[in-house]
Amino acid sequence: MPDKKSQSRAYRPQIENTTTREKTNSSEMKLKDFYLPEDAEENYASRIADPGVYPYTRGIHKDMYKGKLWTMRMFSGFGTPEDTNGRLKLLLSHGETGLSVAFDMPTLYGLDANSERAHGEVGKCGVNVSSLKDMEIIFKGIPLDQVSTSMTINAPANILTAMYAAVGEKGGTPKRNLAGTVQADILKEYIAQKEWLYPPEAHMRIIRDMMVYCTNHMPKWNYISISGYHIREAGASAVQELAFTLADGFEYVKMGIANGLNVDSFAPRLSFFFNSSINFFEEVAKFRAARRIWAREMKETYGAKNDRSMKLRFHSQTSGYSLTWQQPLNNIVRTTVEGMAAVLGGTQSLHTNSYDEAWALPSEKAVEVALRTQQILAYETGIPDVIDPLGGSYYIENLTDRMEEEAYKYFKTINGMGGVVNAIKNGYLQREIAATAYAYQRKVESGEMKIVGVNAFTKENEQPINVLKIDLKAEKIQRKRLQEIKLKRNDNAVQKSLERLREVYSGDENSMERIIEAVKSYATLEEITNIGREVFGGWKEPTII
Amino acid sequence: MEGTNDYMKRKIRILVAKPALDGHDRGVLVLAKAFRDAGMEVLYAGLLPTPETVARIAVDEDVDVVALSLHNSAHLSAFPEVKRWLKRLGASDIQVVGGGIIPPSDKKKLEKLGITGNFGPGTPLELVIEHVRKVAKKKWKSDQ
């Protein structure tokens, strides 16, 4: 905690004389005092169009929320597989059919519970999965043919997909009928969240394997969720989030086409995950621009014929970074405004953050308020009653156009470097984000950007409202279980399956069947990722600062 | 020049690091830039270094200050571990400064172990820089 007195002293001089600042948004666009008819997009039919009509600027469905409200998807996960199984069953008994599972840091980094680096982290920010056994427990007694499961997993997404397929098979649900999503978007890991195992080319090849395999064998499995959320949280502006995320999306589309898939066979499975941050109109314009760009590029550049390939579907989450630990109840208001922007931007599903999350994982009380916020937006405000109610606003249409223009400038730069992977390897994308994050921080320091409770309207001596408790129970249980599995399994079968995986990883054949075989033999998560580490090596990011 | 200690005419050398399974690097990158703009020589330990690696880089590069940041609540184990490794490598004089989401009770524990600062979110960069300058001077005095 900073010393509050010296903090307010450091900020005070700047706060008082900043009333005449020039108005800009997070994307550094200069804003006029007001907008006129000539500022707005004039070409309604081809550039805006009715909801459900190409290029879907106003929304991908004709009836939008009148047909079906957005899905209120609250992401959670914790502790041992047993804990998570209990939570999932509880949600199912409340009528939920869409499950969402968060994993702990060791799982995200492909490490087992007994790895030295996992100490203190097991089961903390999500559930721990070290082997198929854990997945069997998480989904025990849950009818996988009747639910859809979203798993927030990236670098080891192929392994978790394989485990889910194996659990399904054991319970009598064939792969073909399994519905769900893995995040799996590795490009945004290199750009922002920084949770990778291997070099970019190796991970892209693994995604290719999932893409081809799922398109052919798991048609209800969304093998990727192209994510801008983390890019934004890492410091990007709205335009950068828009441009980098869509550029990532096009990279995956190109890969599918280059590997012989018909664009319409896989593109309808692609979906997006965006941030909804605090600059209200900018966010709404961002979502509208995203739909227009995606539709146009899918149709004109990538030759999509199926409307579903052109419709950008997205999940959104309010901004964690916008939350402050100072005066935390104010975060409810921030989240409300951000949630409104997502709804007015036409989101398909929404996670609202809890007001105490700047402190620690959210308390149950705070999670409830966050869910209630969505319910109030949905049922009390009348906001969902009319589709794209901001459409036609001189300002919103102007901003939508400018977001699009600025995004194309980034596409040009990225293409000039030979694509996203190169722009990651030369550090360009990471540096762009770091520069924006630093400029933002400078504005906060100078008082040009005001954050209530942080550099304006501060209070002295605030006390913590929520503290993360360190609990080693999950770690003990998981380590013990892992030891037992290693004693019980057929080591010979494990070694054989791992060697076969090494062979396909060393060549170019699709690796998914081999991964499924390995998880079924109870090879552990880390044993499997280690084969990748040995074949592909690790990756050190270029110098960013 | 800013950051140069007038009295010693020496540039502060500072290593910034996140010594745990935590890839959220927005904060450290902002800090690294701010330290550099304040005239310091900044080294970045990259992602996911172990506490031992951080300490070894600090010693090899002969830094004055190690600035650690974590957002995953591993500070109580990871920060003291860096400090222990510095001691083991005979470099107890290298100052360790912490930051992240650190509850007041943890802050006290860390300070007892000689890890100072322990700044929370929203701390003005200026305060962090001021603190680093102060502890760097302390280290230089002990060098003499």
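Here we summarise the structure given alongside this text. (Residues numbered from 1 in each chain as written. Chains lettered and ligands numbered in written order. Predicted model: local features only at pLDDT ≥ 70, side-chain atom pairs only at ≥ 80, totals over all residues. Heavy atoms only, no water.)

1. Description of the interface of chain A and chain B
Every contact between the two is made by 44 residues of chain A and, on the other side, 38 residues of chain B. Roughly 3400 Å² of surface becomes buried between chain A and chain B when both sides are summed, with 62% attributable to carbon and sulfur atoms. On the surface where chain A and chain B come into contact, there are two salt bridges. Linking chain A with chain B are nine residue pairs in polar contact (both at pLDDT 80 or more), by the criterion used here. At the level of elements, helix H1 (4-15), helix H5 (105-108), helix H8 (186-193), helix H10 (229-233) and helix H19 (428-446) of chain A are the ones that each hand at least two residues to the side of chain A that touches chain B. Residues that form the side of chain A that touches chain B fall into these classes: 28 nonpolar, six polar and ten charged. (Contact = heavy atoms within 4.5 Å. Buried area = accessible area lost by both parts, 1.4 Å probe. Salt bridge = Lys/Arg side-chain N within 4 Å of Asp/Glu carboxyl O. Polar contact = N/O pair within 3.5 Å; in protein donor to acceptor, adjacent residues only side chain to side chain. Helix = DSSP H or I, 4+ residues; strand = E, 2+ residues; numbered from the N terminus. Nonpolar A, V, L, I, M, F, W, Y, C, P; charged D, E, K, R; others polar.)

2. With respect to helix H7 (residues 157-170) of chain A
Helical geometry: 3.6 residues make up each α-helical turn, so side chains three or four residues apart lie on a common side. Residues and elements named next belong to chain A. The terminal C-alpha atoms of H7, which comprises 14 residues, lie 20 Å apart, in line with the 20 Å expected from a rise of 1.5 Å per residue. Taken across its 14 residues, H7 has twelve buried, putting it largely inside the fold. When we look at burial in H7, the residues that qualify are Ala157, Asn158, Ile159, Leu160, Thr161, Ala162, Met163, Tyr164, Ala165, Ala166, Val167 and Gly168. In the stretch just after H7, Gly172 is the one whose phi turns positive, near 90°. (Expected span 1.5 Å × (residues − 1). Buried < 20%, exposed > 50% of the residue type's maximum accessible area, 1.4 Å probe, protein only.)

3. Topic: the pattern of salt bridges
Residues and elements named next belong to chain A. Enumeration over the complete set of coordinates arrives at 51 salt bridges over all chains. The salt bridge partner of Lys473 is Asp83, with a shortest N-O separation of 4.0 Å. Taken as a pair, Lys473 in helix H20 (residues 473-488) and Asp83 in helix H4 (residues 81-93) lie far apart in primary sequence, 390 residues in all. Since its relative accessible area comes to 42%, Lys473 is described here as partly exposed. Here Asp134 and Arg481 are joined by a salt bridge, their closest N and O atoms 3.1 Å apart. One end of the pair, Asp134, is in helix H6 (residues 132-138); the other, Arg481, is in helix H20, with 347 residues separating them in the sequence. Each member of the pair, Asp134 as well as Arg481, is classed as buried. Through salt bridges with shared partners, a single network forms among Glu41, Arg47, Arg292, Arg296, Asp401 and Glu404.

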